[in-house]
Amino acid sequence: MTSNITSLKNKQSTQSGVVFLVGAGPGDPDLLTVKALRLLQSSDVIVFDNLVSEQIRALFPPQAETVYVGKAKGAHSASQSEINQLLINKAKQGLTVCRLKGGDAFVFGRGGEEILALKEQDIKVEIVPGITAAAGCGSYAGIPLTHRGLAQGCTFVTAHAEKTLDIKWQALAKLDHTLVFYMGLSKATLIETQLINAGLDENTPVALIENGCCPEQRVITGSLKQLSALVDEQQVQSPALIMIGKVISLAEQLQWFNQQQSIASAVNELTQLSA
């Protein structure tokens, strides 16, 4: 009997766990998928990035080991190779790992790199998609990605590159799409200059969405020729998304999130007065 128990324990200790690559969405915990929330609350280890909001971090179960790996611009807490190895090590301990990323792991989230590293070690991986920032923040800002007569398509662009930023500016300027730049704050001057030089009208509407889908969300609008000035004058901070295109002209008409916040505040004030 004793030898059988020992054999079972040895088998369990050598059995690899599983890594769930989970998209946390753009910040509002109500935008987590049902599957994402279930895995978040049942995992042994949660490895999370800087873009996972405080509201979502509040949902982490107390019994889970939590590992912050940063990935904030200019202040990376861990390199990508270190994160890959961390996931491998935890899975090889037989643990269930929730690798939690802001937005969607397959949209500028380097999720593919992590999966390749895990599969090289024969570790089981599952993907849980999340709402990407362009869709979530655009919706909460009242800016549709497409709209009949204004934009028949949208294009997502990262303004961050590991080595050289290689963007086909003339192609972007001719698309007549809604352009959404991720990680673009520090490149606002470059984006403004290159798009205008490539032929995009300098009066094309732009929007800066700071802390999208969170209570402190800020939406700043203007024109392409004002983009870099808006970033500086309004002291826009990361996380922030840059949207460029005709659809931004609808933002004021379609606004709902800030109104919802105002209504909620008014109701709370009335409740307190009547108490």
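Our structure's up above, just so we're on the same page.
Residues numbered from 1 in each chain as written. Predicted model: local features only at pLDDT ≥ 70, side-chain atom pairs only at ≥ 80, totals over all residues. Heavy atoms only, no water.

Visitor: An account of helix 6 (residues 133-140) is requested, with residue identities and associated values reported.
Guide: With respect to burial, helix 6 is a largely interior element, 6 of its 8 residues being buried. Those residues of helix 6 lying buried are Ala133, Ala134, Gly136, Cys137, Gly138 and Tyr140. Directly beyond the C-terminal end of helix 6, a positive phi value near 75° is found at Gly142. (Buried < 20%, exposed > 50% of the residue type's maximum accessible area, 1.4 Å probe, protein only. Helix = DSSP H or I, 4+ residues; strand = E, 2+ residues; numbered from the N terminus.)

Visitor: Describe the sheet that holds strand 9 (residues 218-223), and please don't skip the residues or the numbers.
Guide: Here 5 strands make up an open sheet; going across it, the order is 6-7-10-8-9 and the pairing mixed. Whereas interior strands pair on both sides, the edge strands pair on one side only; in this sheet they are strand 6 (154-158) and strand 9. Pairs of neighbouring strands in the sheet enclose a mean axial angle of 20°, with direction left out of account. Of the pairings in the sheet, the one linking strand 8 (residues 205-210) to strand 10 (residues 240-244) comprises 5 bridges and is antiparallel in character. In the strand pairing of strand 10, Ile209 is matched with Leu241. Lying on the sheet, helix 6 is in contact with strand 6, strand 7 (178-182), strand 8 and strand 10; it crosses strand 10 at an angle near 80°. (Pairing = 2+ DSSP bridges. Axes fitted to C-alpha atoms, helices over the stretch in contact; angles between N-to-C directions. Contact = heavy atoms within 4.5 Å.)

Visitor: Pulling in residues and values, what's your account of the nonpolar core?
Guide: In terms of nonpolar packing, the biggest core is built from 25 residues, with Trp169, Leu172, Phe181, Ile191, Leu195, Leu208 and Ile244 touching the most fellow members. Of all the elements in the fold, those that place two or more residues in this core are helix 7 (169-175), strand 7, helix 8 (188-197), strand 8, helix 9 (227-233) and strand 10. Setting aside residues up to four positions removed in sequence, Leu195 forms contacts with Trp169, Leu172, Ala173, Leu179, Phe181, Leu200, Leu224 and Ile244. Counting residues in hydrophobic clusters, the runner-up holds 19 residues, among them Val180, Tyr182, Ile248 and Phe257. (Core = buried A, V, L, I, M, F, W, Y, C linked by side-chain atoms within 4.5 Å.)

Visitor: For the packing of aromatic side chains, give the residues involved together with the corresponding values.
Guide: On inspection of all chains with the given rule, the structure shows 8 aromatic pairs. Taking the centre distance of 4.9 Å and the plane angle of 70° together, the rings of Tyr140 and Trp256 count as edge-to-face. With Tyr140 in helix 6 and Trp256 in the loop between helix 10 (251-254) and helix 11 (257-274), the pair connects residues that are 116 residues apart, well separated along the chain. For Tyr140, a relative accessible area of 12% gives the class buried. Residue classification places Trp256 among the partly exposed positions, given a relative accessible area of 32%. Clustering of aromatic rings is evident, with ring pairs tying together Phe48, Phe60 and Tyr68. (Phe/Tyr/Trp six-rings, centres within 6.5 Å; stacked < 30°, edge-to-face > 60°.)

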